[in-house]
Amino acid sequence: MTGAAAGRDPGRRTAHAVAKEQAENFPVALRVLPARLRADLQAVYDVLRLVDDLGDEAPGDRTAQLRACSAELADLWRGAPVRTPALARLAPTVRARGLSEEPFQRLVQANLQDQVVTRYADLDALLGYCDLSAAPVGRIVLELFGASTPQRVALSDRVCNALQLLEHWQDVAEDRRAGRVYLPQDALAAAGVPETDLDAATTSPRLARLVLAQVAVAEELLTAGPLLVRELRGWARVAVAGFAAGGLATVDALRRAGGSVLAGPPRPRRRDVVRHAAALLIGARR
């Protein structure tokens, strides 16, 4: 990638990556996990963050930079040297955990799509995008724990797509400023919400109702969470319970805000994440 990136210490996480991890709705690497697992999860997260940042924040030609990242990912899986620090830190995890390249490449493809697609006609189209931007994350996590099966992947896809939808509903204003609208176009029209409503400083009642309706869609997808947690064992169960709990706590936050999302993204409370995680883990033992 860039010469500046190549010059960083590949053994260190950047402050930017750490700050982004701390701002997530869910715990990326729970402190109760063994140190090696936490390090592997953080190595994966930093690459996912790198890809998203290239698609959302990088100056210059983002498409070219994403394609360069895709090529460097391919080098990593071929065993060729890589220069980007986050990818260099990922290499030992790829080897130790037997991670597949394909989910990482799908995340690059999602960000390439973001450069040209800024609207989605309906929920099915949006979920098709989530299959690129979110579902691969869960597949990587299952592989990392050696817990991937077709049934678990199907449940994980639903949970991860829900997490992506909820993030979109939190970030309606931010996405609008970036020129993107993830609220489905047919839902906007049916609710009588013009896109100009998304430019306001405060959320109109009709937009708030639409957001809450979309939150309910995500919540329905999250019903796969307890089933997935019950399917898993050991540290995989604990980690995935944390992810699903973050989604449920985000549902709580959006509802607590009454669907008001333009003044600032409603954030989940840590105690709600803990409460939901405990309930998921207790339920899995029954």
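Residues numbered from 1 in each chain as written. Predicted model: local features only at pLDDT ≥ 70, side-chain atom pairs only at ≥ 80, totals over all residues. Heavy atoms only, no water.

Novice: What is the right way to read the overall build of the protein from this model?
Specialist: When helices and strands are counted, the protein shows 15 helices and zero strands. Every one of the 286 residues in the protein was classed for burial, and the buried ones make up 50%. Taking the contacts inside the protein whose residues are at least 6 apart along the sequence as the reference set, 71% of them involve residues at least 24 apart. Carbon and sulfur atoms make up 54% of the accessible area of the protein, which totals about 13000 Å². (Helix = DSSP H or I, 4+ residues; strand = E, 2+ residues; numbered from the N terminus. Buried < 20%, exposed > 50% of the residue type's maximum accessible area, 1.4 Å probe, protein only. Contact = heavy atoms within 4.5 Å. Areas by Shrake-Rupley, 256 points an atom, 1.4 Å probe, with all protein chains shown as cover.)

Novice: Can you help me understand the packing of aromatic side chains in this one?
Specialist: Geometrically, a pair of aromatic rings is defined through the distance of the ring centres and the angle of the planes. For the structure on display, the rule yields four aromatic pairs. Look at Y120 and Y182: their rings are 6.1 Å apart centre to centre, the planes differ by 15 degrees, and that puts the pair in the stacked class. A residue pair is termed long-range when its members are at least 10 positions apart, and Y120 in the loop between α6 (102-114) and α7 (123-133) and Y182 in the loop between α10 (172-177) and α11 (185-190) qualify at 62 residues. Each member of the pair Y120 and Y182 is classed as buried. (Phe/Tyr/Trp six-rings, centres within 6.5 Å; stacked < 30°, edge-to-face > 60°.)

Novice: What's the story with the nonpolar core in this structure? I'm lost.
Specialist: Side chains that are nonpolar tend, in soluble globular proteins, to be buried together. Ranked by size, the top nonpolar core spans 84 residues in total, and within it F104, F145, W169 and L183 carry the most contacts. Here this core takes ten residues from helix α14 (residues 234-256), the largest share from any one element. Discounting residues that sit within four places of it in the chain, L183 has contacts with Y120, W169, V172, L188, L198, L207, L210 and Q214. (Core = buried A, V, L, I, M, F, W, Y, C linked by side-chain atoms within 4.5 Å.)

Novice: It is not clear to me how the confidence of the model for the protein should be interpreted in this structure. Could you clarify?
Specialist: Atom-level detail of predicted coordinates should not be read off regions where pLDDT is low. In this model, the protein carries a mean pLDDT of 91, and residues with pLDDT of at least 70 account for 90%. Of the regions scoring below 50 in pLDDT, residues 1-9 engages in 15 contacts with residues more than four places distant in sequence or in other chains. (pLDDT = per-residue confidence, 0-100.)

Novice: Looking at this model, I keep getting lost on helix α12 (residues 205-221). Mind explaining?
Specialist: For an α-helix, the turn length of 3.6 residues means that residues three or four places apart are oriented alike. For α12, built from 17 residues, the straight-helix expectation of 24 Å at 1.5 Å per residue is met to within 8% by its first-to-last C-alpha distance of 25 Å. In this structure, the buried residues of α12 make contact with α7, α9 (150-170), α11, α13 (224-231) and α14. (Expected span 1.5 Å × (residues − 1).)

Novice: Just checking my understanding: could you explain the packing of α6 against α7 for this structure?
Specialist: Helix-helix packing is described using two parameters, namely the angle between the two axes and the distance between the axes. At a minimum axis distance of 7 Å, the contact between α6 and α7 shows a crossing angle of 135 degrees. Our classification of the angle between α6 and α7 gives oblique. Within the contact between the two elements, α6 uses R106, L107, Q109, A110, Q113 and D114 and α7 uses Y129, D131, L132 and S133. (Axes fitted to C-alpha atoms, helices over the stretch in contact; angles between N-to-C directions. Parallel < 35°, antiparallel > 145°, perpendicular 65-115°, else oblique.)

Novice: Whenever I open this one, α7 confuses me. Can you help?
Specialist: Those residues of α7 not exposed but buried are L126, L127, Y129, C130, L132 and S133. In this structure, the buried residues of α7 make contact with α6, α8 (135-144), α9 and α12.

Novice: What's the story with the environment of A249 in this structure? I'm lost.
Specialist: Along the chain, A249 turns up in helix α14. A249 gets classed as buried once you look at its relative accessible area, which sits at 0%. For the pair A249 and R267, spaced 18 residues apart in sequence, the C-alpha separation works out to 8.5 Å.

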